[in-house]
Number of protein chains: 2
Amino acid sequence: MNYKYHMPTKVFSGKDCIVNNSEVFKSLGTKAMLVTGRSSAKKNGSQDDVIKALKAEGIEYVIFDQVMANPTIACSYQGSEFAKQHGVDFIITMGGGSPMDAAKAMALLAKQNIKEEDLFNGQYSQDVLPIVAVPTTAGTGSEVTQYSILTNDAVESKTSIASELIFPKVAFVDAKYMMGLPIATTVNTAVDALSHSVEGMLSIRSSVVSDALAKESIKLFVKCCPVMCEAIKQDDLSLINESTRYDLMQCAVLAGMVIAQTGTTAGHAMGYSLTYFKDIDHGRANGLVLPGYMAFVEKQKPALIAEILSVMGMTQLSEFRDLLDVLLGESEQISIADVDKYSAKAMLTGNIKANCKVAPTEQDVKSIFMERFDLA
Amino acid sequence: MNYKYHMPTKVFSGKDCIVNNSEVFKSLGTKAMLVTGRSSAKKNGSQDDVIKALKAEGIEYVIFDQVMANPTIACSYQGSEFAKQHGVDFIITMGGGSPMDAAKAMALLAKQNIKEEDLFNGQYSQDVLPIVAVPTTAGTGSEVTQYSILTNDAVESKTSIASELIFPKVAFVDAKYMMGLPIATTVNTAVDALSHSVEGMLSIRSSVVSDALAKESIKLFVKCCPVMCEAIKQDDLSLINESTRYDLMQCAVLAGMVIAQTGTTAGHAMGYSLTYFKDIDHGRANGLVLPGYMAFVEKQKPALIAEILSVMGMTQLSEFRDLLDVLLGESEQISIADVDKYSAKAMLTGNIKANCKVAPTEQDVKSIFMERFDLA
């Protein structure tokens, strides 16, 4: 019954919310650094809107558009040097989880000298550049979290900076930037959001507040499934209309607020290796293992899984599995050697060691992988 | 579909959360001012816990325990002078809405010279004493809002300071301080929380986030009703056990998070006069008029009222009215002259003028009062 709730980010949501609230930038300084990937923010209109708002307020800006998918530690240091060179006052990041996560690390590194070996230790002083986040996918929730998740080659996985310092000051949430997002990306990111809400409810840090947000997020995911399934079936992106985009974005923001409280659990711990070694999209990786993990939890806490299924309008876990099968299609293959390696890595994560209401053993993790990838 | 979400207060919830997180005080300064009423914080143990935590951290403190129910503007100025005299770094307030609301005004006035005529104009500089809030009733939600609601004799009503500056930095939510709360106070404050969640859903500023929190809060209220009804019937306070106290406290915190986003509507606007002129407890006043206001909204937006009733497990508004009748008992009496006066006052509030999905006219407000008080 003990919990902590903290989510200080100010969220503006709605069409044209950046341009309509340009005065927000004014309070953060006179020179901004835009952090984004190579092309998507230019195509989806988010960069134009940010620049329009900055010009309206007479704020200078520089652009760092070199963030790759699953951003590296090196990229974060590079961006922080760029920020220092240009003497920027704050950071605006447009993109999916990758630019947002990299931007958060840059905001920290631009103000503090932190060695790479100390980057994930959580021992920081209070200085950080303010961050404004503009999500252009609906999945990660990074716009409302204190996490920067970076590819960490030293441990062949992803590692998180988790610090209240890097909560974005402001998030501008406008679903219009998602209109052209391909079906696969749309589905994968939506499944990422779902995994956040479901894993939030499976976390020892879940609370009445995080569960309220998780349930509403899960309901929005379910509401969007018929449209996503039909778009997959007909291979027709245009079926994913503005209203569905809006709901998916809200689903992701709510789910982000959830993991800001709860963190994630075994689902994410297992997914990280699928992404690191097999280049499987992060949300998809979570979705591939989530039903198996839920089946494992169900053995010890059937009421907990029944509660989640009930929110989805389901009674059986098999219905949930079937839905994800339709959304994710045929699974990739991995080997038994992979299973051993990924399971060992998953067990090293805090997600499993310290965050699950029902924590799997290494053998449990192996069994979930084996069954999922038809190796059992 | 446009909304803003902001609730930066860090909430610690659970038994003994103050003593278990005493280090929180350390980050706020070396001298604290405790703001509370004359006696309740001493009786319910919250003052002892705060002092124990301050001593553990070596923090000095002074006590201002002169806050009355429905606190006045004069009291706020008096407390701010006390804070200045003693050079305190931050404020800790223990109590129901009255001490918390007064403390928020004191935090502002201790750092800024604001004339009484400018107190409610929202034009403040950034200086404010940090506030830690310890609710000892479960109703107001003031521990997670940016409102300080003061009795304003100049307008014969209550008036709000609404500013992000006065969001408490931290709220410590521990239901144990409520264990001895009389039945009537317990019910009135619970009904206040209910009115926050319901009115939040009736506000033009409601959003997917505020509605998620409101629905969970309403469910908790409903969960606690059988116990509250039985305690009323048997006139036995001991029936309101620890688990119910915990649920009521969570209900109130969630509802506070709701009105931090949405504000309140006609229910509160109408209730203020009942409190100002008839000394009817604030939560009770809201509860007396809420079913009538909902019936008015139902005529234009039946789906909205059906959604609220559905969360409560009800299909008819009459069920809701019956429940409140059991909880609140026989109503006070007011005159037709009172109705005219209160209705005119209600129409002057922003709650009605600018915040209702379905805004009543003055005649509508009169009709709701007339029907409620058997004057029709």
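Read on for a plain summary of the structure. (Residues numbered from 1 in each chain as written. Chains lettered and ligands numbered in written order. Predicted model: local features only at pLDDT ≥ 70, side-chain atom pairs only at ≥ 80, totals over all residues. Heavy atoms only, no water.)

**So, the interface of chain A and chain B**
Short version of the rule: Any two residues whose heavy atoms approach within 4.5 Å at even a single point are treated as in contact. Once two parts are put together, the accessible area they lose, assessed with a 1.4 Å probe and summed over both, is termed the buried area. The term salt bridge refers to a pairing of a side-chain nitrogen on Lys or Arg with a carboxyl oxygen on Asp or Glu at a separation within 4 Å. Throughout this description, a polar contact denotes any pair of N or O atoms lying within 3.5 Å of each other; where both atoms belong to protein, one of them has to be capable of donating a hydrogen while the other can accept it, and for residues adjacent in sequence the pair is counted only when both atoms sit in side chains. A run of H or I in DSSP counts as a helix once it spans at least four residues, and a run of E counts as a strand once it spans at least two, with each numbered from the N terminus. Here the nonpolar group is Ala, Val, Leu, Ile, Met, Phe, Trp, Tyr, Cys and Pro; Asp, Glu, Lys and Arg are the charged ones; every other residue, Gly included, is treated as polar.
Each partner contributes to the interface: chain A provides 28 residues, whereas chain B provides 28 residues. Buried surface at the junction of chain A and chain B, both sides included, amounts to about 2500 Å², of which 59% is carbon and sulfur. Our count for the chain A to chain B interface comes out at four salt bridges. Among the salt bridges present, the one from Glu-216 of chain A reaches Lys-215 of chain B, with a minimum N-O distance of 3.9 Å. Inspection of the region where chain A meets chain B yields 11 residue pairs in polar contact (both at pLDDT 80 or more). With 11 residues, strand S1 (residues 3-13) of chain A is the largest single contributor of residues to the side of chain A that touches chain B. Broken down by class, the residue content of the side of chain A that touches chain B amounts to 16 nonpolar, six polar and six charged.

**Details of the relation of the copies chain A and chain B**
This is how it is decided: What sets the superposition is a least-squares fit of C-alpha atoms, and only residues with pLDDT of at least 70 in both copies go into it.
Aligned on chain B, chain A shows an RMSD of 0.0 Å; the corresponding rotation is 180° and the shift along the axis is 0.0 Å. Accordingly, the operation relating the two chain copies is best matched by a two-fold axis. Considering only C-alpha atoms, the residue of chain A closest to the rotation axis is Pro-8 of chain A, which sits at 1.9 Å. Of the interface residues in chain A, 100% have counterparts in chain B that sit at the interface too, so the contact is made through matching surfaces.

**Digging into the pairing of strand S6 (residues 147-152) of chain B**
Residues and elements named next belong to chain B. Just so we agree on the cut-off: Each residue is placed in one exposure class: buried if its accessible area under a 1.4 Å probe, protein chains only, is under 20% of its type's maximum, exposed if it is over 50%, and partly exposed if it falls in between. Two strands qualify as a pair provided DSSP detects at least 2 bridges between them.
The buried fraction of S6 is high, at five of six residues. One ladder, built from six bridges, connects S6 with strand S7 (residues 157-162); its direction is antiparallel. Bridge assignment links Ile-149 to a residue of S7, and that residue is Ser-160. Counted between consecutive antiparallel strands, the loop separating S6 from S7 contains four residues, among which Glu-156 sits at a positive phi close to 50°.

**So, helix H7 (residues 183-201) of chain B**
Two residues of an α-helix separated by three or four positions point the same way, owing to the 3.6 residues in each turn. Our working definition: By definition here, a helix of n residues has an expected span of 1.5 Å times n minus one.
Helix length check: H7 of chain B (19 residues) gives 27 Å between terminal C-alpha atoms against 27 Å at 1.5 Å per residue, within 8%. Within H7 of chain B, 17 of the 19 residues are buried, which leaves it mostly tucked inside the rest of the structure.

**Details of unusual backbone geometry**
All names here are of chain B. Phi is positive for Asp-279, which is not a glycine, with a value near 55°. Among the secondary structure elements, Asp-279 is positioned in the loop between helix H10 (266-278) and helix H11 (282-300). Overall, the relative accessible area of 64% leaves Asp-279 in the exposed class. Phi at Asp-374 takes a positive value of approximately 50°, unusual for a residue other than glycine. Position of Asp-374 relative to the elements: it lies in the segment after helix H16 (362-372). Looking at Asp-374, the relative accessible area reads 70%, which means it is exposed.

**Section: the pattern of salt bridges**
Inspection of the entire model under this criterion finds 30 salt bridges over all chains. A salt bridge links Lys-176 of chain A to Asp-49 of chain A, with the shortest nitrogen-to-oxygen separation between them at 2.9 Å. Separated by 127 residues along the polypeptide, Lys-176 of chain A in the loop between strand S8 (170-173) and helix H7 (183-201) and Asp-49 of chain A in helix H4 (residues 46-56) bring together distant segments of the chain. Given a relative accessible area of 26%, Lys-176 of chain A falls into the partly exposed group. Here the salt bridges share partners, and the residues they tie into one network are Lys-4 and Glu-164 of chain A together with Lys-10 of chain B.

**Things to note about helix H13 (residues 317-328) of chain A**
All names here are of chain A. Quick note on the threshold: Regarding the arc, it is the one traced by the directions from the helix axis to the C-beta atoms.
Taking 1.5 Å of rise per residue, the 12 residues of H13 would be expected to cover 16 Å, and the 16 Å separating its terminal C-alpha atoms lies within 8% of that figure. Three or more residues of H13 are buried, namely Leu-317, Phe-320, Leu-323, Leu-324, Leu-327 and Leu-328. In an axial view of H13, the angular spread of the buried residues amounts to 120°, which keeps them on one side of the axis. Two residues or fewer after H13 comes Gly-329, characterised by a positive phi angle close to 70°.

**Points about the sheet that holds strand S5 (residues 131-135) of chain B**
What counts is decided by this rule: To define axes, lines are fitted to C-alpha atoms, for helices over the stretch in contact only, and angles between the resulting N-to-C directions are given on a 0 to 180 degree scale.
Taken together, 12 strands build an open sheet; the order of strands is S3(A)-S2(A)-S4(A)-S5(A)-S8(A)-S1(A)-S1(B)-S8(B)-S5(B)-S4(B)-S2(B)-S3(B) and the sheet is mixed. Both outer strands of the open sheet, strand S3 (60-64) of chain A together with strand S3 (60-64) of chain B, are each paired with one neighbouring strand and no more. Each neighbouring strand pair of the sheet contributes to a mean axis angle of 25°, computed without reference to strand direction. Pairing of strand S2 (residues 31-35) of chain A with S3 of chain A involves five bridges; the strand directions are parallel. Paired with Val-35 of chain A across the two strands is Phe-64 of chain A, which belongs to S3 of chain A. Helix H5 (residues 73-86) of chain A contacts S2 and S3 of chain A of the sheet and is inclined by roughly 155° relative to S3 of chain A. Helix H4 (residues 46-56) of chain B rests against strand S2 (31-35), S3, strand S4 (90-95) and S5 of chain B of the sheet, and its axis sits at about 155° to S4 of chain B.

**What about the pairing of strand S4 (residues 90-95) of chain A?**
Residue and element names in this part refer to chain A. Put simply, the test is: With strands facing away from the observer, any crossover in which the path from the first strand over the helix to the second runs clockwise is taken as right-handed.
By the criterion of burial, S4 is predominantly enclosed, with six of the six residues buried. A two-sided burial pattern is seen for S4, the buried positions comprising Phe-90, Ile-92 and Met-94 on one face and Ile-91, Thr-93 and Gly-95 on the other. Judged from the four bridges that link them, S2 and S4 form a sheet pairing that is parallel. Counted as the bridge partner of Val-35 is Thr-93 from S4. You can see the chain leave S4, run along helix H6 (residues 97-109) and come back into strand S5 (residues 131-135), and the turn it takes is right-handed.

No statement about biological role is implied by the geometric values presented.
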